[in-house]
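Here's the letter readout for the chains.
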Amino acid sequence: MNGVPTRHLGELAVSAQGLGCMGMSHAYGEADEAQSVATIHRALDLGVTLLDTADFYGAGHNEELIGRAIAGRRDEVVLATKFGFANRLGEPTVIRGDAAYVREACDASLRRLGVDHIDLYYQHRVDPEVPIEETVGAMAELVAAGKVRHLGLSEAGAGTLRRAHAVHPIAALQSEWSLWTRDLEAEIAPVCRELGIGLVPFSPLGRGFLTGRYSSVDGLAANDIRRTQPRFADGNLDRNLAIVARLEELASAKGVTAGQLALAWVQHRGGDVVPIPGTRRQRYLEENLAALDVELSAEDLAAIEAAAPPERVAGTRYDATSLTFVDG
């Protein structure tokens, strides 16, 4: 590929594809810090500017890792992190969006990251017990204090986005969006576009499933989150593998991988869409970035969507408990 083009999340200029760093510390098996730092450095060398983390990932480890990786290269990075999971090491899950916690969480993230400001600060999940006006009002105070540059929400519904944006401009909504998760297309994406809010799809490769690399959970680490997710479960897995098989046929005809085809489909959702595929490995980073060069015609897009219609995807995207934390 020839450099990474720029897109905008609200007024924030970022690389057209970012790097999701969660899996370097969280959810997908054991961490390998040297490998992860090398991948971050390679991403920056190739022109990726947007790095995405959260205080929840690895209970703070991921922010510390990112901080070490970008030391000396801060001016090359648009740094995004999130707050909201207040008991990162405990159960049951507690979501907090009260003003005091917003301030506390931000200061803690700045310390772990080793920086004096966060470029894009998200509320990780909406707190149903706290008015969004209070949460975003506190986030806006962080902007005024110079600790944060731009604000975002994650997995927020259309009504929440409107209320939040009325308090302070929201630059980005980070939510799951891929060929097998299209929930936000009917109502949420149109509201984002009406308000000028950019869209940051996480898991644009269906937690790696759409790459065709996984035919079962047997090879996954014991603590890999995919072992608990309905779409990877017996009874659903084979139905979903049939979708991937069709994507692989279409990808082969274009001379690309199934993952590149699926990621290119997300990139083609609009100029305000900046997916953040996650990986710890440089070869997959480079494969993902090459999807930016995949051109898709209207006929290509129709064929891809026919291969993966939403009604054919088997299983919910989260388990029942995790779904309760998705707003609206």
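Residues numbered from 1 in each chain as written. Predicted model: local features only at pLDDT ≥ 70, side-chain atom pairs only at ≥ 80, totals over all residues. Heavy atoms only, no water.

For the chain, an unreviewed UniProt entry supplies the name Aldo/keto reductase and the organism Streptomyces ficellus.

Novice: Which parts of the structure should I look at to understand the sheet that holds strand β5 (residues 78-83)?
Specialist: Within a sheet, adjacent strands bond to each other through the backbone by hydrogen bonds, running parallel or antiparallel. Reading across from one edge, β3-β4-β5-β6-β7-β8-β9 is the order of the seven strands in this open sheet, with parallel pairing throughout. Edge strands, defined here as strands with exactly one partner in the open sheet, are β3 (19-20) and β9 (198-202). Sheet topology places strand β4 (residues 50-52) next to β5; three bridges connect them, and they run parallel. What sits directly across from Asp 52, in β5, is Ala 80. Together, β5, β6 (118-123) and β7 (148-154) form the strand contacts of helix α3 (residues 99-113), whose direction differs from that of β6 by roughly 135°. (Pairing = 2+ DSSP bridges. Helix = DSSP H or I, 4+ residues; strand = E, 2+ residues; numbered from the N terminus. Contact = heavy atoms within 4.5 Å. Axes fitted to C-alpha atoms, helices over the stretch in contact; angles between N-to-C directions.)

Novice: Looking at this structure, I do not really get unusual backbone geometry. What am I missing?
Specialist: Trans peptide bonds make up the majority, and among non-glycine residues the majority have a negative phi. Backbone geometry places Ala 59, a non-glycine residue, at a positive phi of 50°. Looking at Ala 59, the relative accessible area reads 30%, which means it is partly exposed. Here Ser 203, not a glycine, exhibits a phi torsion of approximately 50°, which is positive. Structurally, Ser 203 is set in the loop between β9 and α7 (237-254). The class of Ser 203 is buried, set by a relative accessible area of 15%. (Buried < 20%, exposed > 50% of the residue type's maximum accessible area, 1.4 Å probe, protein only.)

Novice: What exactly am I supposed to notice about the environment of Leu 289 here?
Specialist: In this fold, Leu 289 is placed in helix α9 (residues 282-290). Assessed through its relative accessible area of 1%, Leu 289 is described here as buried. Put simply, Leu 289 and Pro 277 are 12 residues apart on the chain and 9.4 Å apart in space, counted from C-alpha to C-alpha.

Novice: Looking at this structure, I do not really get the nonpolar core. What am I missing?
Specialist: Inside soluble globular proteins, nonpolar side chains tend to come together where they are buried. Residues Leu 19, Leu 161, Leu 173 and Leu 247 are the most contacted members of the largest nonpolar core, which totals 83 residues. Apart from residues no more than four positions distant in its own chain, Leu 173 is found in contact with Leu 153, Ser 154, Glu 155, Ala 156, Leu 161, Ile 188, Cys 192, Ile 197, Gly 198, Leu 199 and Val 200. Val 14, Val 78, Phe 202 and Val 274 belong to the second-largest nonpolar core, a separate cluster that totals 15 residues. (Core = buried A, V, L, I, M, F, W, Y, C linked by side-chain atoms within 4.5 Å.)

Novice: Could you clarify how one ought to interpret the pairing of strand β8 (residues 170-176) in this entry?
Specialist: Regular strands place their side chains on alternate faces of the sheet. Across the seven residues of β8, seven count as buried, placing the element largely inside the fold. Taking the sense of rotation as the criterion, the β-α-β connection linking β7, helix α5 (residues 158-167) and β8 turns out right-handed. With five bridges connecting them, β8 and β9 associate as parallel partners. Across the sheet, residue Gln 174 finds its bridge partner in β9, namely Val 200. Between β8 and its parallel partner β9, the chain crosses via helix α6 (residues 188-195), and the hand of that crossover is right-handed. (Right-handed = clockwise from strand over helix to strand, strands pointing away.)

Novice: Help me understand the packing of helix α1 (residues 33-46) against helix α2 (residues 61-70), please; the structure alone is not making it clear to me.
Specialist: Between two packed helices, the angle of one axis relative to the other and the distance separating the axes together describe the packing. Two numbers describe how α1 lies on α2: the axes approach to 10 Å, and their chain directions differ by 55°. For the element pair α1 / α2, the angle class is oblique. With respect to the hand of their crossing, α1 and α2 are arranged in right-handed fashion. Residues Glu 33, Ser 36, Val 37, Ile 40 and His 41 of α1 touch α2, and the partners they reach there are His 61, Leu 65, Ile 66, Arg 68 and Ala 69. Tallied by class, residues from the contact of α1 with α2 come to five nonpolar, three polar and two charged. (Parallel < 35°, antiparallel > 145°, perpendicular 65-115°, else oblique. Left-handed = near helix turned anticlockwise from the far one by under 90°. Nonpolar A, V, L, I, M, F, W, Y, C, P; charged D, E, K, R; others polar.)

Novice: Explain the packing of aromatic side chains to me, please; I cannot follow it from the model alone.
Specialist: Pairs of aromatic rings are described using the distance from one ring centre to the other and the angle between the two planes. One pass over the full model with this rule turns up three aromatic pairs. On the basis of an interplanar angle of 25° and a centroid distance of 4.4 Å, the ring pair of Phe 56 and Phe 85 is categorised as stacked. Highlighted residues: Phe 56 in the loop between β4 and α2 and Phe 85 in the loop between β5 and α3, separated in sequence by 29 residues. We classify Phe 56 as partly exposed; its relative accessible area is 22%. What makes Phe 85 buried here is its relative accessible area of 8%. Note on Trp 180 and Phe 209: the rings are 4.9 Å apart at their centroids and 5° apart in plane angle, and the pair reads as stacked. A residue pair is termed long-range when its members are at least 10 positions apart, and Trp 180 in the loop between β8 and α6 and Phe 209 in the loop between β9 and α7 qualify at 29 residues. The pair formed by Trp 180 and Phe 209 is uniform in burial state, with each residue classed as buried. When the ring centre of Trp 265 is taken as origin, the NZ or CZ atom of Arg 269, which lies over that ring, is 4.1 Å away. (Phe/Tyr/Trp six-rings, centres within 6.5 Å; stacked < 30°, edge-to-face > 60°. Lys NZ or Arg CZ within 6 Å of the ring centre and 35° of its normal.)

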